[in-house]
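Listed below are the residues making up each chain.
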Amino acid sequence: MSNAPTREVARRVFASEFNDAEFTFKESDDERAPLYALLPTGERANRVFVVGTLTETEDIGEDSEYWRGRVVDPTGTFFVYAGQYQPDAASALREMETPTYVAVVGKPRTFETDDGSVNVSLRPESITPVSEATRDRWVVETAERTMERLGAFDEEGNEYVERARAEYGEDVSEYRQAVLQALEDFDVQETESAPDA
Amino acid sequence: MSDLSDTAQEIHDEFSEHVDATVDDVEERLQTLVTEYKVPVDEARRSVENHYLDEAGLDRDDLAGGGGNETVQVEDVDEPEQWVDLTAKVVELWEPRSDSVGQVGLLGDPTGTIKFTKWAKSDLANLEEGKTYRLGNVVTDEYEGRYSVKLNKTTSIEEVDEEFEVGDNEDEVEGALVDIQSGSGLIKRCPEEDCTRVLQNGRCSEHGEVEGEFDLRIKGVLDDGRDVHEVIFDEEATEALTGIDLEAAKQMAKDALDTTVVADEMRSSILGRYYRVTGPTFGRYVLANDTEELDAPADPEAVLIKARSI
C-alpha cells in the first residue's frame, strides 16, 4: 500500500506569485525525479491547480500545433502551453470559446527568453470548463493557502522558506497585497455587477 | 483441498506472533502429511502445530495468548496478525461461502464496523445478531486494505450488556477533482464467481481471456491544496456524479466504437470542480457513498477579515 509513489499536491497560487517563481530544482539526481518550482512565499510546487478566465487562445506552433492560452485571475495572467504531448489540453484550447472560466491542473515550467529573463508558464495536464462559482471558490481558497504560506514565512527551520528567502529576498508584502486585492474584488463586483451581467 | 488451506491459515494465525512461517509453508507441511502419508487432517494439524510449538519453544497452553492482549476498538485495527480483545455488537450475519467457515458477518462498536470470520472447527458458541460480546483473543487480518478479525478456537466469547450506537467509520474529504485515473469510465470486469477484477485488454490477471461484464467506475483524485485523497466512485456514485448511467455509457461506446469516449466525456464535465465526498476508507481509497458538489457562492468575508489582520 505504502510503496505506491505519493501523488504531488496541487498548490494554490495566484498568478502574480506563480510568475515570480523562476527558480526550479529537483530533490535528487535521479533523471526522473520530479521538478519543483520554488514559490516566493516558501513552498515547493510540482503541480498547481488554477481556475480563471480563459481570455485568449492562439496556435503559435510552426510545424505542429502548439497552443498558448491566457488564464487570468484577479492578480495577473497564467500562460498555459500545450502541444502534441498534451493532446487533451491542446484540443481543449483549440475548441474552447473565449472568454470562459476554466480549471487547469498542470506543472510549472520555466524558460529563458532571448533577452535573458526567465518566463514561468504552466504545462497543463487538463483544462476543463467550470462555473463562476468554482472560480470564486478557487480565489478564496487560494487566498487562504497563500496566507498560510505567508504565516509560515517567519518560521525558523522551514527548508523552503529559507530557500525562498535566499533566492527571492525577504519582502513578501506584494503577495499579501495580492491576497487582499483578490478578495476585495468580490466587494467591487457585488456593487458593480449589472443585472444583465 | 481448500479445507487444507483454511486449516493452514488457522494454524498460521495461531503462530503468527511466535513463528516466522508463511501460510504456504504451513500448508505444504499439511499437504505432505495428508496427501503423501495419508494422515487424517485432524492428526496432521496436531502434528504441524507440535512442529511449530517446538520451533518456538512453546507449550500448547502458551498459544491461548495468556491474556496479554491489547483491548482495541474497531477503528484501531490497522495491522494484520495482531492478537487483540474486542467488545462489539453483531451488526449482521452473512451466509458462509465455505464449509470451513462457521459464521461470518459484521461486528461494530462506536468507532466503526469490521468483518469477522469464525471457523467451523473452532467449536465456539454461535453469535447472535444484535447482541454484544466481549471477544478475547481474536486475530486481525487484512485483504486489499480491508481489515477483518478471525475468531479461532482460543477465542473467548462472553455476552455483555452494553448498549451503544455502532459507528459508521465514514470519512469526509473535500477538494478539487484534479485527476481521473486510468481504469475509469466504462470498464469490463471478470465474470468468474467472486472475481470482479477489472480486465486489461480483455484479460483477467487471474482467469485469462474472458468475456467481460460492463461496469461504470471512476478513480478520482480530490486535492485541497494540502493533501490528496484518492476516491472510488462505483456505478451508482458515478451515475450520480456524471449523470451518465451504464446504458447511456454503453450506447456512447457503441456509437464511437470506443469505450474511452465515456471517460473523456466524464472528464470534461467533472474535472476541476470542487466536491465533498463521504464514505468508508479502504486502503488508499475513500469509497464514495455520498457526493456533493461544492458550488455554493464563495464567502470571502471571513478570509478577508483574516487577511486584513495580518
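Residues numbered from 1 in each chain as written. Chains lettered and ligands numbered in written order. Predicted model: local features only at pLDDT ≥ 70, side-chain atom pairs only at ≥ 80, totals over all residues.

1. Here's the deal with the overall build of chain A
So, step 1. In terms of helices and strands, chain A carries five helices and nine strands.
So, step 2. Going residue by residue from the N terminus, the α and β elements of chain A occur as β-α-β-β-β-β-β-β-α-β-β-α-α-α.
So, step 3. The globule rule puts the C-alpha radius of gyration for 197 residues at 16 Å, and the 17 Å found for chain A is close to it.
So, step 4. Taken over the C-alpha atoms alone, chain A extends approximately 50 × 45 × 45 Å along its principal axes.
So, step 5. Buried positions account for 41% of the 197 residues belonging to chain A.
So, step 6. The long-range share in chain A, meaning contacts at least 24 apart out of those at least 6 apart in sequence, stands at 65%. (Helix = DSSP H or I, 4+ residues; strand = E, 2+ residues; numbered from the N terminus. Rg over C-alpha atoms; globule rule 2.2 N^0.38 Å. Buried ≥ 20, exposed ≤ 12 C-beta atoms within 10 Å, placed from the backbone. Contact = placed C-beta atoms within 7 Å.)

2. Concerning the interface of chain A and chain B
So, step 1. Listed per partner, the contact involves 33 residues of chain A and 30 residues of chain B.
So, step 2. For the side of chain A that touches chain B, the elements supplying multiple residues, two or more each, are strand 1 (10-11), strand 5 (47-59), strand 8 (100-112), strand 9 (118-129), helix 3 (132-152) and helix 5 (173-192) of chain A.
So, step 3. Broken down by element, the residue count for the side of chain A that touches chain B peaks at 13 residues, all from helix 3 of chain A.
So, step 4. Tallied by class, the residues present in the side of chain A that touches chain B amount to 19 nonpolar, five polar and nine charged. (Nonpolar A, V, L, I, M, F, W, Y, C, P; charged D, E, K, R; others polar.)

3. Here's the deal with helix 3 of chain A
So, step 1. For helix 3 of chain A, built from 21 residues, the straight-helix expectation of 30 Å at 1.5 Å per residue is met to within 8% by its first-to-last C-alpha distance of 30 Å.
So, step 2. Residues of helix 3 of chain A that are buried: Thr134, Asp136, Arg137, Trp138, Val139, Glu141, Thr142, Ala143, Arg145, Thr146, Met147 and Arg149 of chain A. (Expected span 1.5 Å × (residues − 1).)

4. Remarks on the pairing of strand 13 (residues 228-233) of chain B
Residue and element names in this part refer to chain B.
So, step 1. Here strand 12 (residues 213-223) runs beside strand 13; their pairing, made up of six bridges, is antiparallel. Within strand 13, the residue paired with Ile218 across the bridge is Phe233.
So, step 2. Between strand 12 and strand 13, which pair antiparallel and follow one another directly, the connecting turn spans four residues, one of which, Gly225, has a positive phi of 90°.
So, step 3. With three bridges connecting them, strand 13 and strand 15 (residues 285-287) associate as parallel partners. By the bridge assignment, Ile232 is partnered in strand 15 with Leu287. (Pairing = 2+ DSSP bridges.)

5. Points about the domain arrangement of chain B
So, step 1. Considered domain by domain, chain B is made up of domain 1 (2-64), domain 2 (70-160) and domain 3 (170-293).
So, step 2. Taking only C-alpha atoms into account, the centre of domain 1 of chain B sits 42 Å from that of domain 3 of chain B. (Domains from an automatic or database assignment.)

6. A look at the sheet that holds strand 3 (residues 35-39) of chain A
All names here are of chain A.
So, step 1. On the basis of which strands lie adjacent, the open sheet formed by three strands has the order 2-3-4 and antiparallel pairing. Both outer strands of the open sheet, strand 2 (24-26) and strand 4 (43-45), are each paired with one neighbouring strand and no more. Within the sheet, the average angular offset between the axes of one strand and its neighbour, ignoring direction, is 40°.
So, step 2. Taken together, the three bridges between strand 2 and strand 3 define a ladder with antiparallel strand orientation. (Axes fitted to C-alpha atoms, helices over the stretch in contact; angles between N-to-C directions.)

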